[in-house]
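A closer look at the structure
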Amino acid sequence: MSMETVSENACFGGVQGVYRHESTACNCAMTFGLYLPPAAGQKDVPVLWYLSGLTCTHENAMIKAGAQGWAARHGIAVIFPDTSPRGDGVADDEEYDLGQGAGFYVDATESPWSPHFRMWEYVTRELPELVFSEFSLDQGSQGITGHSMGGHGALTIAMTRPDTYRSVSALAPIANPTRTAMGRKQFAAYLGHDPDRWSLHDSTVLMRKKGYPGPILIDQGEADPFLEHLAPSALADAISSVGQDAEFRMHKRYDHSYFFVASFMEDHVRHHAERLHAG
């Protein structure tokens, strides 16, 4: 699998890179960011996947989240995938919550989305195969986090594949999409009308069925204007009902922006670093 270097910049003693490659899963060119800390020059380092939210690209968190300084301090790499396939031949929608920029981290089965929108396959298999073959990364020490739609992706992926992801956290995740208007719209478009398919991508449902074999950190702003779409109370109730080891923090005055994300990024990087360096 060939990879093109778009840019590489010195950053906190390490390197912030942007790379492009042809994706078989998404049937188009895909771009991702990768931050390598200074420690990557001496050994394979743990990896934190950061999944972004609706309308974002690989750039949003890479530029605004402030993760690199904390990742350099803790000696972990951070990977910033894009949120969807893109290009003139890729299906799209006029609404912000469907189509390009809104892959929702599922493998679409429905037309016109199925030829390209295979973000679960891309994030969990294809992109890892590429980065672990090209960079000094520890494949046995991976964590995953994300914001909003990306928080949804991080939680559902980690609970489905706990042997791969040794740590998980989320910031303002879309927590119960099978029960919200936005979630039902996206699931119906991408996955059809079978509720069994939907439930595989709902962190509240997965929490009640599977849980996660380790501590989870979740942050949510109380002033978030999207609370009705996020449904944080449903996930909090599920966590409590199954006795999941989790810290679910609600923050007064914080909204859904990257100011919120950056405010708590240090805690999330530390949460992952403690687990990824253990053992």
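Above this text you will find the structure in question.
The structure presented is a predicted model; accordingly, all values stated were derived computationally and were not measured.

**Some details on the environment of Tyr254**
Tracing the backbone through its elements, the reader meets Tyr254 in the loop between β9 (246–251) and α10 (258–276). Looking at Tyr254, the relative accessible area reads 28%, which means it is partly exposed. Between the alpha carbons of Tyr254 and Asp224 there is a distance of 6.6 Å; along the sequence they are 30 residues apart. In contact with Tyr254, other than residues within four places in its own chain, are Gly221, Glu222, Ala223, Asp224, Phe260, Ser263 and Phe264.

**Thoughts on the layout of surface pockets**
Approximately 210 Å³ is the volume attributed to the largest pocket. Residues belonging to the lining of the largest pocket are distributed by class as follows: eight nonpolar, seven polar and no charged.

**As for the pattern of salt bridges**
With the rule as written, the count across this model stands at 12 salt bridges. The salt bridge partner of Arg197 is Glu110, with a shortest N-O separation of 3.5 Å. With Arg197 in helix α6 (residues 195–199) and Glu110 in the loop between β5 (77–81) and α3 (119–134), this residue pair connects regions lying 87 residues apart in the sequence. A relative accessible area of 27% means that Glu110 is categorised as partly exposed. Between Arg270 and Asp267 there is a salt bridge whose closest N-O contact spans 2.9 Å. Taken together, the residues Arg270 and Asp267, both in helix α10 and three residues apart, mark about one turn of the helix. The class of Arg270 is partly exposed, set by a relative accessible area of 30%.

**Quick look at the packing of aromatic side chains**
The geometry of two aromatic rings is summed up by the distance between their centres and the angle between their planes. Taken as a whole, this structure holds 11 aromatic pairs when the rule is applied. Aromatic side chains Trp113 and Tyr190 sit 5.5 Å apart centroid to centroid with 85° between the ring planes, which places their arrangement in the edge-to-face category. With Trp113 in the loop between β5 and α3 and Tyr190 in helix α5 (residues 181–191), this pair connects stretches of sequence that are 77 residues apart. We classify Trp113 as buried; its relative accessible area is 5%. Judged by its relative accessible area of 0%, Tyr190 is buried. Joined through ring pairs, the aromatic side chains of Tyr19, Phe32 and Phe135 make up one cluster.

**Digging into the nonpolar core**
Judged by nonpolar contacts, the single largest core of 88 residues is most densely connected at Phe32, Ile79, Tyr122, Val131, Leu137, Ile144 and Tyr190. Excluding its chain neighbours within four sequence positions, the residues that come into contact with Tyr190 are Leu98, Gly99, Ala102, Gly103, Phe104, Val106, Ala108, Thr109, Glu110, Trp113 and Phe117.

Cut-offs applied
- Residues numbered from 1 in each chain as written.
- Predicted model: local features only at pLDDT ≥ 70, side-chain atom pairs only at ≥ 80, totals over all residues.
- Heavy atoms only, no water.
- Helix = DSSP H or I, 4+ residues; strand = E, 2+ residues; numbered from the N terminus.
- Buried < 20%, exposed > 50% of the residue type's maximum accessible area, 1.4 Å probe, protein only.
- Contact = heavy atoms within 4.5 Å.
- 1 Å grid on protein atoms, 1.4 Å probe; cavity = no way out; pocket = protein on both sides within 12 Å on 5 of 7 lines; lining within 4 Å.
- Points joined across faces, edges and corners; volume = space filled by probe spheres on them.
- Nonpolar A, V, L, I, M, F, W, Y, C, P; charged D, E, K, R; others polar.
- Salt bridge = Lys/Arg side-chain N within 4 Å of Asp/Glu carboxyl O.
- Phe/Tyr/Trp six-rings, centres within 6.5 Å; stacked < 30°, edge-to-face > 60°.
- Core = buried A, V, L, I, M, F, W, Y, C linked by side-chain atoms within 4.5 Å.

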